[in-house]
Amino acid sequence: MLVRPHPAGWRITLHPAHGFLAADLFGHLAVALPEELLLPTLLAVAEHDDHQLDFRTGDYLTERGAPRDFSLMDTEDAQRSLQSEALLADAHRKHAWTYLLLGMHYEFLYAGQSVDERLKALLKDIATRRKQLLRQRHWKQKVLATTYGYLRFCDRLSLILCGEDVPTLGRQLEINDALGKVHYLRQQPDTERLTVTPWPFTTDRFTVRGESFVVQQLAFASSAALGDVLRDTVAEVREWEFVRQAD
């Protein structure tokens, strides 16, 4: 979950909501994909960060009981393996292309990291299955790599929005180079509308939405207590308007 201070307490955005916003962004992205792969790709973008939270068993609080942002989490190898296996199993039951994209996402996340034997085995299985599926379904590795770039771009842009990291005073923030070249995000100082350069979307103006929870309680006795509060809190809908910058 993403946790940010809020005048009323904390603003908390859960990983599935971040994924939903990423999928909303993908829906406006100019993509080159066969029609039959659009929905499986959308599913991968929407679900790429699911299975991250279990308030009954996980520890999502700081030492003082405050909600802990995901960037401060020290996830154990066993938990990472369980999360990865659960998400990939779900994807495999839905569509092979969704599975391939999420497999690439885990390879990207854990590239160069020290992982336990269970996660090593999972990453090896991902690579083996990818070769088999690409051959069996006559899909091109280049198309898969390009499509994963769409996911990575939308993932990063969604994290910037959910994490309230949009630059101010007209400054630019690098998103990433997942679409083949570096893209930048900028907020127009006078209108607070957002623009991306170069413009990668299909229309010149659009709005995306995402949900988060504003909780007034600053500290919790347990992660389960935090989960209970989030369950009983009405989500706040946030909006971001994007406009194409005039050439």
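Figured I'd write up the structure that's included with this text. (Residues numbered from 1 in each chain as written. Predicted model: local features only at pLDDT ≥ 70, side-chain atom pairs only at ≥ 80, totals over all residues. Heavy atoms only, no water.)

It is worth spelling out the pattern of salt bridges at this point. Summed over the entire model, instances satisfying the criterion amount to 18 salt bridges. Arg-11 is the partner of Glu-236 in a salt bridge, and the nearest nitrogen-oxygen pair spans 2.5 Å. Within this pair, whereas Glu-236 is found in strand 7 (residues 236-243), its partner Arg-11 is found in strand 2 (residues 9-13), the two being separated by 225 residues in sequence. Connected through salt bridges with shared partners, the residues Arg-11, Glu-164, Glu-236 and Arg-238 form a single ionic network. (Salt bridge = Lys/Arg side-chain N within 4 Å of Asp/Glu carboxyl O. Helix = DSSP H or I, 4+ residues; strand = E, 2+ residues; numbered from the N terminus.)

All right, on to the environment of Glu-236 then. Residue classification places Glu-236 among the partly exposed positions, given a relative accessible area of 31%. Taking C-alpha positions, Glu-236 is 15 Å from His-15, a pair spaced 221 residues apart along the chain. Reaching out from Glu-236, the side chain makes a polar contact with the side chain of Arg-11 at a distance of 2.5 Å. (Buried < 20%, exposed > 50% of the residue type's maximum accessible area, 1.4 Å probe, protein only. Polar contact = N/O pair within 3.5 Å; in protein donor to acceptor, adjacent residues only side chain to side chain.)

Take the environment of Ser-71 next. When you line up the elements, Ser-71 lands in the loop between helix 2 (38-47) and helix 3 (77-94). Considered as a pair, Ser-71 and Lys-124 are 53 residues apart in the sequence and their alpha carbons are 26 Å apart. A polar atom in the side chain of Ser-71 sits 2.5 Å from the side chain of Asp-69.

A separate point is the nonpolar core. One finds Phe-153, Leu-161, Leu-185, Phe-201 and Phe-242 to be the most contacted residues of the largest nonpolar core, which totals 54 residues. It is helix 6 (residues 141-162) that provides the largest number of residues to this core, a total of 11 residues. Excluding residues that lie within four positions of it along the chain, Leu-185 makes contacts with Leu-157, Ile-160, Val-166, Pro-167, Arg-171, Gln-172, Leu-173, Ile-175, Leu-194, Thr-195, Val-196 and Phe-242. Residues Val-3, Leu-61, Phe-213 and Leu-226 belong to the second largest nonpolar core, which totals 14 residues. (Core = buried A, V, L, I, M, F, W, Y, C linked by side-chain atoms within 4.5 Å. Contact = heavy atoms within 4.5 Å.)

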